[in-house]
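# A closer look at the structure
Each chain is listed here by its residues.
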Amino acid sequence: MLKNDPHIGSPRNRVDGPAKVTGAATYAAEFAATDLGHGYIVESAIARGLIRSINVAAAEAAPGVIKVFTHENRPQTAWFTYKYRDQVGPPGSPFRPLYSEEIQYSGQPIALVVATSFDAARDAAALVIVEYAEKPHLTDLSIARKDAYKPPKKRLGIAPPPDPRGDAVKAFSEAPVSVSAEYAIAPEHHNPMEPHATTVIWEGDGKITVHDKTQGVQNSQAYVASVFGLSSDNVRVVAPYVGGGFGSGLRPQHQLFLAVMASLALERSVRVELTRQQMFGHVHRPETINAVALGADADGKLVSIQHHAVAATSQFEDHQENVVNWSGMLYHAPNVDLRYELAKLDIYSPGDMRAPGAPLGLFALESAMDELAIAAKIDPIELRLRNYTDHDENDGKVFTSKELRACYREGAERFGWNKRNARPCSMRDGRELIGWGMASGVWEAGMMKTAARGVFTADGRLELSCATSDIGTGTYTILSQIGAETLGLEMEQVTVKLADSTLPASPVQGGSWTAASAGSAVMAACQDLQAQLFKLARKIDGSPFADASDDDIAFVNGRILLRTNPAKSVLLAEALAASGEEKLEAEKSASPGLIGPMRYAAYTHSAVFAEVRIDAELGQIRVTRIVNAVAAGRILNPKTARSQIIGGVVWGIGMALHEETLTDHRLGRIMNHSLAEYHVPANADIYDIDVVFVEEHDDKASPIGVKGLGEIGIVGTAAAIANAIHHATGKRLRSLPITLDKLLAA
Amino acid sequence: MNRFSYHRAETLADAISHLRSNPAAAIIAGGTNLVDLMKYEVERPGELVDLTRLDELRGISETPDGGMRIGALVPNSDVAYDERIAKLYPLLTHAVLAGATPQLRNAATTGGNLNQRTRCYYFNDVATPCNKREPGSGCGAIGGVNRIHAILGASDQCIATHPSDMCVALSALDATVEVAGPDGERRISFREYHRLPGDEPQRDNTLRQGEIVVAVTLAGEASYFAENYTYLKLRDRLSYAFALVSVAAALQLDGGRIAAARLALGGVSHMPWRKPDAENALVGMAAGEETFTRAADILLAGAQPHEHNAFKVDLARRAIVRALTQAAAATPQSLSDKRIA
């Protein structure tokens, strides 16, 4: 046998699954420490103004209270706002907890009560008496959009809209077929199962170990060191298990600051965890309004694309996402005008949420394409095929690969699209109207410079390590697969250590780049180990490989063997033993290189098909079927990959029908701050979800041919559902979520 | 959550005397609502009187008139899966199963279901005004975020709704609430148990100081509605959400004519919403859309929507017609198949 059972490409179970389902996996708020202080955050009740007075006497006198921190007594931290920046934050002045008497948003932390138990801290927190001097606030985007502006400074990693091409206004006005409308998406708040929490272990001598709910331990470490003026040697941040990230843990959040601040001041271990309600004072997907105008010739060929978006941001930061650029690269058009503006509100800064920007922009673009298909009397897939493009027209680059045609074809086949009657309201089952809709999806296939270490030991085991996280995506598993496959081991012989700031450098886990980046780094480290082992194997007495080259051998079943004569082999452990060393070590980094990204554009694509069944009289919408056909390069693990797409689709259903942060603009306050009133899909809302991975070979997006899957699943889903709702009812709903009252009113 | 003392009542009399002597005391049984509200600082009881050891509040039993008596401590799940109830009062079974989740129903009690507080956003957030939570502070929902709020029987003090599904069915079935208090026991007809907010929105029901719900009883004759009934609940997702509008409909048919009718709405008022006139308008009539619409119009007369909930008026009208259609056809709304028949 020349090959192992292939680990890569096989549907492997999660290696961290048993630990998670048995409770052995420990999360940030679950680490214990002697004399642990428990912090509870007091939040602002107003949206803007000043704290006139804050009386903590009663709280400090409450049983169990150790100390109450406010802006009046907080320890000194860094003065300059740039010290509070992090790797992924947008331009502006990052929020500084307890910095001054100024209130910038409702729900802002204004005090931290530290007590000997969580309950004592929470009880005392209710005794803090605050008097405010209120100032007028604005939380309504429909008003603030009048003062929308082009962000003066771009956010790192987010391309601003490209320069206009041609004359989109003129081409639109002359186009024989055209559509123009506004599409809005409600703000959505991050609610991973694990709320944000930080446990700081006071190690003595100014050293701390920080268990943080984060997607980037080294980002948190750098932030803590910078803000508190600590040497990075004294700050170790770990997050081996993360109960869902989705972007909420990319930036250091205020519980990290508060927990570290209290720990350093009190010289004891401190934990701060947010309640579910407090999660709504936190990271969210910004409310966004899109204006899209499409013009086409009589054959449905686009002659003009205009996409202008206005997104909400805070007063203190210009959070930016790629909302409109997709409209310039998904289809061919000679005249394109894309604009992205921000409007300031008295809210906390928005942040990244699964595929930040893309499902917002694509809800608008792909709804508009559906409207254009109807106006031009062309099948929606056919319309997209007529406007297909093989290069990114925003910057003229060729795609590393783009099997979107195959997504349309295979998705349509699986869905049964050819049985669709194009006329709205034409399909019915009893009282229910049936609608079939589709949409395209696209997301970046990024890669970031990442390092990994591999250690092979005399017992035949491989340990891989990297500072990246596994936020539930399956990183532990796919890295185990890559390591096992490269060195010809069983998965059980591979251990993966992640999310410790002392491990080889990695960027935050986000952007769907981790599989490609950490995977390539692990592959490089293992290939280095291969070379070292081969070298050793050649040196042992009577080695069968004396004249063999790299091409002549294979790593199979814990051995190196000769391809031409597999009976001739050397155990890996034997090769190592002969060297007299106890272990072999390799640390390698992988990066996208310089030339590739200049020449090529790398994206994942998808085609999403949705079936809805609607009781038109009562407004009840059921999404009874989704087929999501995805082109994402090489699929490392079909099982975890499928889970990623399913998760994205479920969230897309929530985006389409349920999720909405409701603000009382008079109070400037979020009102539905609990999971009872902020709706995400329940099990009953989820019917069949079918995932298709189309064959896509890509040798440019990353050294291991991987493009990443974390985000593409959500991207086209809401648009496909909205299009299906139109097909079912003849009603075009352009504001998400599509609740029953909106459907009945349309 | 504040500090409180805890008292485990050994007898009903012991519980009543604790409640009477300590106005700051609150009853705890399942705790599915109270504990949440304590965490939000909405409820800050000085003492919790735990009823869960009182065996006299347990059990589902048959009554001499052929009805059923459900003890106040009976969990919602026991009500839902009691075969006698399912046979005699399937409307109740359906309503219970339309609410919450299996986990919550396992913990939540019958008495607690009656006495649960509103899910109004403002009631739940101590940083906002709410006359129900803090009389005189104003109503945040009026002019605020009020999509889920009342369209019927509200006042200028409060537009909160009662969140229960179970109570909508109990109201339709003309249940009776047995209470015990310092002055002994009394029976309150279900329609008299909850109240409209008026200018005392802090009072959800007509219990007097020190009174405890002991049981809910259903009359034997209410089982005549076991054939033609439905509980139709419309909400923002297909499960685990409070009703935007719900309808408990029950009919007795004599050939194609309606001999008796019960109709109650949830999600639209401070209490399950019934009107004898609407039910009377059905009696003696042929079951059909025209008749159903007339009853709906009577039941919804005087509806006063707010900025975000005007849709509820028309939705309720359609839901009533659909529910009566389901009831008349003896095809109650399925709980597992979410398609509305």
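Residues numbered from 1 in each chain as written. Chains lettered and ligands numbered in written order. Predicted model: local features only at pLDDT ≥ 70, side-chain atom pairs only at ≥ 80, totals over all residues. Heavy atoms only, no water.

### Focus: the overall build of chain B
Scanning chain B from terminus to terminus reveals 12 helices and 11 strands. Overall, the C-alpha framework of chain B stretches about 60 × 50 × 35 Å when taken along its three principal axes. Relative to its full complement of 341 residues, chain B shows a buried share of 58%. Pairs at least 24 residues apart make up 64% of the contacts formed inside chain B by residues separated by at least 6 positions. Total accessible area on chain B is roughly 12800 Å²; 48% of this is exposed by carbon and sulfur atoms. The averaged location of the 39 negative side-chain charges in chain B is 4 Å from the averaged location of its 36 positive side-chain charges. (Helix = DSSP H or I, 4+ residues; strand = E, 2+ residues; numbered from the N terminus. Buried < 20%, exposed > 50% of the residue type's maximum accessible area, 1.4 Å probe, protein only. Contact = heavy atoms within 4.5 Å. Areas by Shrake-Rupley, 256 points an atom, 1.4 Å probe, with all protein chains shown as cover. Lys, Arg positive; Asp, Glu negative; His and termini not counted. Charge placed at Lys NZ, Arg CZ, Asp CG, Glu CD.)

### Section: the side chain of Thr-110 of chain B
All names here are of chain B. Checked against the element boundaries, Thr-110 lands in helix α7 (residues 110-115). Of the residues examined, Thr-110 reaches a relative accessible area of 1% and is grouped as buried. At 2.8 Å, the side chain of Thr-110 and the backbone oxygen of Val-74 are in polar contact. If we ignore the near neighbours within four places in the chain, the residues touching Thr-110 are Ile-70, Gly-71, Ala-72, Val-74, Asn-76, Val-79, Met-166 and Val-216. (Polar contact = N/O pair within 3.5 Å; in protein donor to acceptor, adjacent residues only side chain to side chain.)

### So, the interface of chain A and chain B
On the chain B side, the residues contacting the 45 residues of chain A number 41 residues. Overall, the association of chain A and chain B removes approximately 3600 Å² of surface from exposure, summing both partners, and the carbon and sulfur fraction of that is 55%. Linking chain A with chain B are 6 salt bridges. We note a salt bridge from Arg-339 of chain B to Asp-429 of chain A, for which the minimum N-O separation is 3.1 Å. Where chain A meets chain B, there are 17 residue pairs in polar contact (both at pLDDT 80 or more). Of all the elements in the fold, those that place two or more residues in the side of chain A that touches chain B are α3 (118-125), β30 (620-631), β31 (663-664), β32 (669-670) and α19 (740-745) of chain A. Broken down by element, the side of chain A that touches chain B gets its largest block of residues, 4 residues, from α3 of chain A. (Buried area = accessible area lost by both parts, 1.4 Å probe. Salt bridge = Lys/Arg side-chain N within 4 Å of Asp/Glu carboxyl O.)

### Considerations on the domain arrangement of chain A
Residue and element names in this part refer to chain A. In terms of domains, chain A is made up of domain 1 (17-23 + 447-591), domain 2 (31-136 + 192-275) and domain 3 (146-188 + 284-446 + 598-745). Here the C-alpha centre of domain 3 lies 36 Å away from the C-alpha centre of domain 2. Every contact between the two is made by 24 residues of domain 2 and, on the other side, 19 residues of domain 3. With both chains or domains summed, domain 2 and domain 3 bury close to 1700 Å², and 53% of this area falls on carbon and sulfur atoms. If you look at where domain 2 meets domain 3, you find 1 salt bridge. Among the salt bridges present, the one from Arg-251 reaches Glu-317, with a minimum N-O distance of 2.7 Å. Applying the counting criterion to the domain 2 and domain 3 interface returns 8 residue pairs in polar contact (both at pLDDT 80 or more). (Domains from an automatic or database assignment.)

### Considerations on the pattern of salt bridges
Residues and elements named next belong to chain A. Applying the stated criterion across every chain yields a total of 58 salt bridges over all chains. The partner of Asp-429 in a salt bridge is Arg-613, with the nearest N and O atoms 3.0 Å apart. Pair noted here: Asp-429 is in strand β19 (residues 427-429) and Arg-613 is in strand β29 (residues 603-615), with a separation of 184 residues, a long-range link. Owing to a relative accessible area of 17%, Arg-613 belongs among the buried residues under this scheme. Its salt-bridge partner being Glu-585, residue Arg-453 comes within 3.7 Å of it at the nearest N-O pair.

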